[in-house]
Amino acid sequence: MKPLLPNNWSPRPYQEPLWNYLSSGGKRAVTKWHRRSGKDDVFLHHSACAAHERIGNIWYMLPEYSQARKSMWDAINPHSGKRRIDEAFPQEIRKTTRENEMMIQFRNGSTFQLVGSDNFNSLVGSPPVGLVFSEYAISNPSAWGYLMPILEENGGWAGFNSTPRGKNNFKGMCDFAEKEKGWF
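Given the structure is predicted, the values throughout are model-derived calculations rather than measurements.

A. The arrangement of the pairing of strand 7 (residues 157-162) in detail. Where burial is concerned, most of strand 7 is hidden: 6 out of the 6 residues are buried. Burial along strand 7 is two-sided: the face carrying W157, G159 and N161 and the face carrying A158, F160 and S162 are both buried. In the sheet, strand 6 (residues 128-134) pairs with strand 7 via 5 bridges, with the strands oriented parallel. Residue pairing in the sheet places L131 in a bridge with A158 of strand 7.

What follows is the structure, encoded as structure tokens:
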């Protein structure tokens, strides 16, 4: 039985265009929103849904591996008192949870794992079908250059979110997305 996802969440009105784009099969999304705007909420819940639409690996990439644990895996939603990861990925859809690896294997065979762009060369093995770069403005842009051909080859999707931080790789990505057909 397919789980009811997203789990107890719905997009805020300004998040709806992004959610609708992703839900309708959009492959490349760039989100330039302010702090506390829910950038990661959208992509976490999309990851949960996407993992149940196509079996595969989804990697959620923070600039540094250590940031992934603090900002995503261990982070508690102050409004609900629950871990953010548990809100997006309820226990009922999980087969196993590997705390040390920040990985969830779902009952359908898909996986979700938090990783860091600081050591993207260690990500050899099972290729992703979905990839999120959180805080892309301070991520290693070489990680996208390394992983993009994998997603191109397997028809996977990618999301990039960040708060603006000047003229850097994220600004370049935003400028590209504004001109590129099919990008959000």
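Next comes the rest of the account.
B. Here's a closer look at the sheet that holds strand 4 (residues 103-106). As summarised here, the arrangement of the 7 strands in space is 1-7-6-2-5-4-3, forming an open sheet in which the pairing is mixed. What marks the edges here is a single partner per strand, and that holds for strand 1 (28-32) and strand 3 (94-98). Direction aside, neighbouring strands of the sheet carry axes that sit 15 degrees apart on average. Note: strand 2 (residues 57-62) against strand 6, 5 bridges, orientation parallel. Note on strand 6: the bridge partner recorded for M61 is F133. The strands touched by helix 5 (residues 142-154) within the sheet are strand 1, strand 2, strand 6 and strand 7, with strand 6 carrying the most contacts at an inclination of about 145 degrees. Where helix 6 (residues 169-179) meets the sheet, its contacts fall on strand 1 and strand 7, and the angle it forms with strand 1 comes to roughly 125 degrees.

C. Representation of unusual backbone geometry in the model. The step from L5 to P6 runs through a cis peptide bond, and the omega angle for that step is 0 degrees. For N8, which is not glycine, the phi torsion reads 50 degrees and is therefore positive. Here N8 shows up in the segment before helix 1 (16-23). Look at N8 and you get exposed, because its relative accessible area is 76%.

D. Representation of helix 6 within the structure. Taken together, the buried positions of helix 6 are occupied by F170, M173, C174 and A177. Axial view of helix 6: buried residues confined to an arc of 100 degrees, hence all on one face. Two to three positions downstream of the cap, the backbone nitrogen of F170 sits 2.9 Å from a side-chain oxygen, assigning the N-cap of helix 6 to N168.

E. Molecular detail of the side chain of R28. Summarising the element assignment, R28 is placed in strand 1. According to the relative accessible area criterion, R28 is buried, its value standing at 7%. Apart from the residues within four sequence positions on either side, R28 is in contact with Y21, W144, L151, E152, G156, W157, A158, G182, W183 and F184.

F. Broad picture of the pairing of strand 4. Across 4 bridges, strand 3 lies against strand 4 in antiparallel orientation. Bridge pairing links R98 to M103 in strand 4. Connecting the antiparallel pair strand 3 and strand 4 is a turn made up of 4 residues, with M102 showing a positive phi of about 50 degrees. Alignment of strand 4 against strand 5 (residues 111-116), held across 3 bridges, turns out to be antiparallel. Opposite I104, over in strand 5, you have F112 as the bridge partner. Turn length for the strand 4-strand 5 hairpin, with the two strands adjacent in sequence and antiparallel, is 4 residues, and the turn residue G109 shows positive phi of about 105 degrees.

The rules behind these values
Residues numbered from 1 in each chain as written. Predicted model: local features only at pLDDT ≥ 70, side-chain atom pairs only at ≥ 80, totals over all residues. Heavy atoms only, no water. Buried < 20%, exposed > 50% of the residue type's maximum accessible area, 1.4 Å probe, protein only. Helix = DSSP H or I, 4+ residues; strand = E, 2+ residues; numbered from the N terminus. Pairing = 2+ DSSP bridges. Axes fitted to C-alpha atoms, helices over the stretch in contact; angles between N-to-C directions. Contact = heavy atoms within 4.5 Å. Arc of directions from axis to C-beta. Polar contact = N/O pair within 3.5 Å; in protein donor to acceptor, adjacent residues only side chain to side chain.

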